[in-house]
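# Observations on the model geometry
What follows is the residue order along each chain.
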Amino acid sequence: MDKKIENLICNSVEVLREELIRAVSETVRIPSVNPLYEGPLEESENGETLVNAYMESIMKSIGLFTDVWAEAEGRNNLVGIYKGDGNGKSLLFNGHVDVVPPGNHNQWQEPPFSGTIKNGSIWGRGAVDMKGGNAAILFTLKALLMNNLKPKGDVLIHSVVGEETKSNLLGTTACLKKGYTAYAAIVAEPTCGDNHFILIRLLQVFLK
C-alpha cells in the first residue's frame with residue numbers, strides 16, 4: 001500500500017484516539033458479567049445488552065446497517081454490516097461483550113467497573129478482554145471511511161454475548177446460523193497493546 005495512504009490512516013487513528021479511549025472507558029463502566037457465572041445481580045443483569053446498545057450507536061454513526069436480536073432473554077447480540085461495492089472479498093470481525101466476574105473488589109487498584117483512565121491505561125474488567133478490541137474494530141473502520149477508503153467487499157462485525165462460559169451457542173454460533181458469515185474472519189481477542197494498528201494492516205488487504 002502507498003506510504004501516503006498508510007500514514008493517512010495512522011494519522012486518522014490518532015485523531016480518533018480520545019473518542020476511542022472514551023468508548024472503551026464507557027463500555028467498561030457497564031458491568032456485563034456473563035450471567036451464567038454466579039454473582040451479584042447488578043454485575044450481570046442485561047449488561048451484555050446495554051454494552052451492545054452503546055456499540056450499536058457507534059455503528060450507526062458511521063453508517064453501518066445493524067441487526068440486534070437475542071437467543072436468550074436480556075442477552076442481545078449485535079451485528080453491524082458495511083456493504084462494499086461487490087468487487088472484493090468479505091471480511092468478518094468477531095468480538096464478545098461479556099466478561100468474567102471481577103472477584104474481590106478490594107484487590108483492585110481501581111474499582112473493576114470504573115473505566116478509570118490513569119497512567120496511560122484504562123482500568124477495569126473487560127478493558128482488554130475484550131471491549132478494547134471491540135472498539136478498535138469499529139474505529140479502524142471509521143478511520144478508513146472518514147478518508148473515503150472504502151472496502152471493496154462487505155465488512156461484518158459480530159458483537160456477541162456468551163463467550164466466557166457455557167453459552168457460545170447464544171452468541172457467535174447464533175450469528176453464523178443467521179447467515180452472518182464472510183470469506184475470512186478475524187477475532188480481535190487481546191494479543192498486544194496496538195490492536196488498532198494491527199487491524200489497519202489487516203483491513204488494508206481488503207482495500208486492494
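The notes below deal with the structure included here.

Basis of the calculations
Residues numbered from 1 in each chain as written. Predicted model: local features only at pLDDT ≥ 70, side-chain atom pairs only at ≥ 80, totals over all residues. Heavy atoms only, no water. Helix = DSSP H or I, 4+ residues; strand = E, 2+ residues; numbered from the N terminus. Buried < 20%, exposed > 50% of the residue type's maximum accessible area, 1.4 Å probe, protein only. Polar contact = N/O pair within 3.5 Å; in protein donor to acceptor, adjacent residues only side chain to side chain. Contact = heavy atoms within 4.5 Å. Axes fitted to C-alpha atoms, helices over the stretch in contact; angles between N-to-C directions. Left-handed = near helix turned anticlockwise from the far one by under 90°. Nonpolar A, V, L, I, M, F, W, Y, C, P; charged D, E, K, R; others polar. Expected span 1.5 Å × (residues − 1). Phe/Tyr/Trp six-rings, centres within 6.5 Å; stacked < 30°, edge-to-face > 60°. Lys NZ or Arg CZ within 6 Å of the ring centre and 35° of its normal.

## Concerning the side chain of T27
- By the secondary structure assignment, T27 is in helix α2 (residues 17–28).
- Relative accessible area serves as the criterion here: at 2%, T27 is assigned to the buried category.
- At 3.0 Å, the side chain of T27 forms a polar contact with the backbone oxygen of A23.
- Leave out the neighbours within four places in its chain, and T27 touches V51, Y54, M55 and K131.

## Regarding the packing of α2 against helix α4 (residues 127–145)
- At a closest axis distance of 9 Å, the pairing of α2 and α4 adopts a crossing angle of 145 degrees. The hand of the α2/α4 crossing is right-handed. In contact with E19, L20, A23, V24, T27 and V28 of α2, α4 contributes A127, K131, G132, A135, A136, F139 and K142.
- Class assignment of the residues belonging to the contact of α2 with α4 gives a composition of eight nonpolar, two polar and three charged.

## Details of α4
- Compared with an ideal rise of 1.5 Å per residue, which puts 19 residues at 27 Å, α4 spans 25 Å between its outermost C-alpha atoms and is within 8% of the ideal.
- Summarising burial for α4: 17 of the 19 residues are buried, a large majority.

## Quick notes on the side chain of S159
- One can find S159 in strand β6 (residues 155–160).
- Among the polar contacts listed, one links the side chain of S159 to the side chain of N52, at a separation of 2.5 Å.
- S159 has contacts with N52, M55, N77, L78, G95 and V97, leaving out every residue within four places of it along the chain.

## Re the packing of aromatic side chains
- Considering all chains together, one arrives at one aromatic pair under this definition.
- On the numbers, 6.1 Å between centres and 35 degrees between planes, the contact of W69 with Y180 is tilted. Highlighted residues: W69 in strand β1 (residues 65–70) and Y180 in the loop between α5 (172–177) and β7 (184–187), separated in sequence by 111 residues.
- Overall, W69 belongs to the buried group, its relative accessible area being 10%.
- On the basis of relative accessibility, which here comes to 13%, the residue Y180 falls in the buried class.
- Above the face of the Y183 ring, K89 is positioned so that its terminal group lies 5.2 Å from the ring centre.
- The side chain of K118 reaches across the aromatic face of W123, ending 4.9 Å from its centre.

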